[in-house]
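Residues per chain, in single letters:
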Amino acid sequence: MSAERPTLPPVRLHSDAELARDALATPLMARAVRLARWAGPGTPVGAGGELLEKQLQAAAEEIGLGTEEDGRAYASEAWRLAVDTGLIDVADDGDTGSGGVTAGEELALVTSGSPQDILDLWLDGLDAVLADATVPPLEDLVDAMEGGGEVDLSTLKWDPQGEADFLDGVLGNLYLLTVTEGGSGEGPVPLPVLAASMIVPDDMGEPTDDVLEQVSDAMMRLDDQFRLLEPIGLVEYRPVDEELMAEADEDYAEPVDQDDVARYGMVRLTPLGLFGIRARLLDAGFDAPAVGDLADKGADVLLDSVAQFPETSAQAEIEQWLARREVPGAARDLLAAARGTDQGAPLRRLRCQQALSLTGPEAEPALREVLDDAELGGLARVWLAERGAAGVPAPPESMVFWLTIDTIAAQLGAEGDSAELQGLVEGLVGQHSGFFEAAWRVDHPATPDVLEAMGRLHPDKRTAKEARKAAFKARSKREP
């Protein structure tokens, strides 16, 4: 994630009630709750609050994993989470170095707390699991043990903060990939893509063998971490195929076959995971909006904000905004907010048009009121004509060209020099002979920039030159 902390695309979140149900149903949280209810004052624990070895089998049986090979390990993991989240309180015994347990205050929230209480509890659990995920594997810790039983960090070459930052960066990139594609969390991301997003420089063409080896090492670390993060409900994860990796040689430059890419690991954030990572991003100071955040804001805030949203997210936000309002008043508010000669005004009008396209006949009076408005008259005529309204006056030529310039300026603001805009430019010039001779005279603040863009985008060299000449004339017209 960039240090500049830009505004991220909005995410579509499930309701708090749905997310709270999901949180309580995650394997790790459900096991922690069961153990918290099972434990009592007579349950002995170690000095660090850990469940004693002699209790692990009984705990494994309590969570339904008594016959599983890793049942005791799962029980230990769930116990730690219960302690870390306050579902269990550990009372120290100063004489023995061990202690007993009581139900924590947080346990009551599971049945009597609000959805937000439960989500806060889950977020505490997520923090604990993320901290565990950055700890080196057990075998590495054993190798780094000194004679006195302490871990030699210099031998281990473990940077706790660096590991935490790397995992945060990976999860931030996964969140960004998810919301950029529409915000609903659909579609898993290949693990090699996610690892490469953290390792391979943006300006690097063909990655070197050294970089590819770093990507491979990062994949293996992430494979371990996502296995830990799945039980808390953060991700859905298809692990790296162990057989595939065992067969792999050290030639990291070999491309991954598309048919095999899923065998290298696939990960996606769950709806609960989207909520969790967004909460962490907000805590870190990022602007991470959610669809619906603008529902109670004014039309001016709505249009300014959705101007930079992806198309699908903008529409979802607008739909929620309209759902809270009577259409006639909402239409008037939108039209008033769309006015302006500033740089962002064309894109506001484009989003206004998008919003009005979702309204019905109740909006017609508001549109008729602005038919003679220099900035909104063209937009109003388009809306009325598309609905077959009677008595719509034909627009003067000056309004047609003004709307054309405004539309191209909005597209430039939304997408830049896109292929779609190039097609629009070619079509406009092809349909109107003498287009540039009329266009440079249009009294619109964006006219010079639009004509320059048309010169860049049009594939015909002669036409592109005409566009650049027209842009020069438009600028000269505005000079004092």
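Here, the structure is the one placed above.
Residues numbered from 1 in each chain as written. Predicted model: local features only at pLDDT ≥ 70, side-chain atom pairs only at ≥ 80, totals over all residues. Heavy atoms only, no water.

Visitor: Explain the overall build of the protein here, please?
Guide: When helices and strands are tallied, the protein shows 24 helices and five strands. Across the 480 residues in the protein, those meeting the buried criterion constitute 44%. Contacts in the protein between residues at least 24 apart in sequence constitute 67% of all its contacts with a sequence separation of at least 6. Total accessible area on the protein is roughly 24300 Å²; 49% of this is exposed by carbon and sulfur atoms. (Helix = DSSP H or I, 4+ residues; strand = E, 2+ residues; numbered from the N terminus. Buried < 20%, exposed > 50% of the residue type's maximum accessible area, 1.4 Å probe, protein only. Contact = heavy atoms within 4.5 Å. Areas by Shrake-Rupley, 256 points an atom, 1.4 Å probe, with all protein chains shown as cover.)

Visitor: Where do I start with the side chain of Arg351 in this structure?
Guide: Note that Arg351 resides in helix H17 (residues 345–356). Taking relative accessible area as the criterion, Arg351 reaches 3% and is therefore assigned buried. Here the side chain of Arg351 touches Glu311 through a polar contact of 3.0 Å, side chain to side chain. At 3.0 Å, the side chain of Arg351 forms a polar contact with the side chain of Gln354. Residues within four places of Arg351 in sequence aside, it is in contact with Leu303, Val306, Ala307, Phe309, Pro310, Glu311, Ala314 and Ile318. (Polar contact = N/O pair within 3.5 Å; in protein donor to acceptor, adjacent residues only side chain to side chain.)

Visitor: I would appreciate a short explanation of the packing of helix H16 (residues 327–338) against H17 in the present structure.
Guide: The relative placement of two packed helices is expressed as an angle between their axes plus a distance between the axes. Packing of H16 against H17 brings their axes to within 8 Å, and their N-to-C directions diverge by 165°. When the interaxial angle is binned, H16 and H17 end up roughly antiparallel. In terms of crossing hand, the pair formed by H16 and H17 is left-handed. Contacts between H16 and H17 pair Ala331, Leu334, Leu335, Ala337 and Ala338 from the former with Ala345, Arg348, Arg349, Cys352, Ala355 and Leu356 from the latter. Tallied by class, the residues present in the contact of H16 with H17 amount to nine nonpolar, no polar and two charged. (Axes fitted to C-alpha atoms, helices over the stretch in contact; angles between N-to-C directions. Parallel < 35°, antiparallel > 145°, perpendicular 65-115°, else oblique. Left-handed = near helix turned anticlockwise from the far one by under 90°. Nonpolar A, V, L, I, M, F, W, Y, C, P; charged D, E, K, R; others polar.)

Visitor: When you look at a negative patch on the surface in this model, what are you seeing that I'm missing?
Guide: Together, Asp209, Asp210, Glu213 and Asp217 make up a negatively charged patch on the protein surface. Take Asp210: it is sitting in helix H11 (residues 209–229). (Patch = residues over 30% accessible without salt bridge, like charges linked within 9 Å, V, L, I, M, F, W, Y side chains within 5 Å. Salt bridge = Lys/Arg side-chain N within 4 Å of Asp/Glu carboxyl O. Lys, Arg positive; Asp, Glu negative; His and termini not counted. Charge placed at Lys NZ, Arg CZ, Asp CG, Glu CD.)

Visitor: I'm lost on helix H15 (residues 311–323) in this one. Help?
Guide: Each α-helix winds once per 3.6 residues, and so residues spaced three or four apart point in a common direction. The end-to-end C-alpha distance of H15 is 18 Å, a good match for the 18 Å that 13 residues give at a rise of 1.5 Å each. Taken residue by residue, H15 has Ser313, Ala314, Ala316, Glu317, Ile318, Trp321 and Leu322 as its buried positions. Packed against the buried residues of H15 are helix H14 (299–306), H16 and H17. (Expected span 1.5 Å × (residues − 1).)

Visitor: When you look at the sheet that holds strand E5 (residues 266–269) in this model, what are you seeing that I'm missing?
Guide: Pairing between sheet strands relies on hydrogen bonds along the backbone, with the strands arranged either parallel or antiparallel. Strand order in the open sheet made by the three strands is E3-E5-E4, with antiparallel pairing throughout. In the strand order of this sheet, the two ends are held by strand E3 (189–190) and strand E4 (235–238), each with one partner. Relative to E5, E3 runs antiparallel, the two sharing two bridges. Bridging from a neighbouring strand, Val189 pairs with Val267 of E5. Packing of H11 onto the sheet brings it into contact with E4 and E5, and relative to E4 it is tilted by some 130°. (Pairing = 2+ DSSP bridges.)

Visitor: Would you mind showing me how to read H11 here?
Guide: Compared with an ideal rise of 1.5 Å per residue, which puts 21 residues at 30 Å, H11 spans 30 Å between its outermost C-alpha atoms and is within 8% of the ideal. Within H11 the residues assigned to the buried category are Val211, Val215, Ser216, Ala218, Met219, Arg221, Leu222, Asp223, Gln225, Phe226 and Leu229. Check the buried side of H11 and you find it contacts helix H6 (115–133), helix H9 (160–180), helix H10 (191–199), E4 and E5.

Visitor: Just to check I follow, could you spell out the side chain of Gln225 for this structure?
Guide: By the element assignment, Gln225 lies in helix H11. Setting aside residues up to four positions removed in sequence, Gln225 forms contacts with Ala133, Thr134, Glu163 and Leu167.

Visitor: Looking at this structure, I do not really get the pattern of salt bridges. What am I missing?
Guide: Oppositely charged side chains can pair when the atoms bearing their charge come close. Enumeration according to the criterion identifies 22 salt bridges in this entry. In this structure, Arg441 engages Glu437 in a salt bridge whose closest nitrogen and oxygen atoms are separated by 2.5 Å. Connected through salt bridges with shared partners, the residues Asp127, Asp168 and Arg280 form a single ionic network.

Visitor: Please clarify how the packing of aromatic side chains should be interpreted in this entry.
Guide: The description of an aromatic ring pair uses the distance of the two centres, along with the angle that the planes make with each other. Taken as a whole and assessed by the stated rule, the structure comprises four aromatic pairs. On the numbers, 6.5 Å between centres and 45° between planes, the contact of Trp122 with Phe275 is tilted. Separated by 153 residues along the polypeptide, Trp122 in helix H6 and Phe275 in helix H13 (residues 271–283) bring together distant segments of the chain. Between the aromatic rings of Phe435 and Phe436, the centroid separation amounts to 5.4 Å while the plane-to-plane angle is 85°, which identifies the pairing as edge-to-face. Through a chain of ring-to-ring contacts, three or more aromatic side chains come together here, namely Phe401, Phe435 and Phe436. (Phe/Tyr/Trp six-rings, centres within 6.5 Å; stacked < 30°, edge-to-face > 60°.)

Visitor: Any chance you could explain the packing of H14 against H17 here in plain terms?
Guide: Across the interface, H14 lies against H17 with an axial gap of 9 Å and an inter-helix angle of 105°. Classed by the angle they form, the pair H14 and H17 counts as roughly perpendicular. Taken together, the residues of H17 that come into contact with H14 (itself represented by Leu303, Asp304 and Val306) are Arg348, Arg351 and Cys352. For the contact of H14 with H17, the per-class residue count stands at three nonpolar, no polar and three charged.

Visitor: I'm lost on the nonpolar core in this one. Help?
Guide: It is characteristic of soluble globular proteins that their nonpolar side chains tend to be buried jointly. Residues Leu87, Trp122, Tyr175, Phe226, Leu234 and Val235 are the most contacted members of the largest nonpolar core, which totals 74 residues. Among the elements that make up this core, the one with the highest residue count is H6 (10 residues). If sequence neighbours within four positions are ignored, Leu87 has contacts with Met29, Ala32, Val33, Ala36, Ala82, Ala103, Gly104, Glu106, Leu107, Val110 and Leu121. In this structure, Leu303, Phe309, Ala314 and Ala330 belong to the second largest nonpolar core, which totals 29 residues. (Core = buried A, V, L, I, M, F, W, Y, C linked by side-chain atoms within 4.5 Å.)

Visitor: How should the environment of Gly292 be read in this particular structure?
Guide: Tracing the backbone through its elements, the reader meets Gly292 in the loop between H13 and H14. When the C-alpha atoms of Gly292 and Gln320 are compared, they prove to be 6.1 Å apart, with 28 residues separating the residues in sequence. When residues no more than four places from it in sequence are discounted, the contact partners of Gly292 are Glu317 and Gln320.

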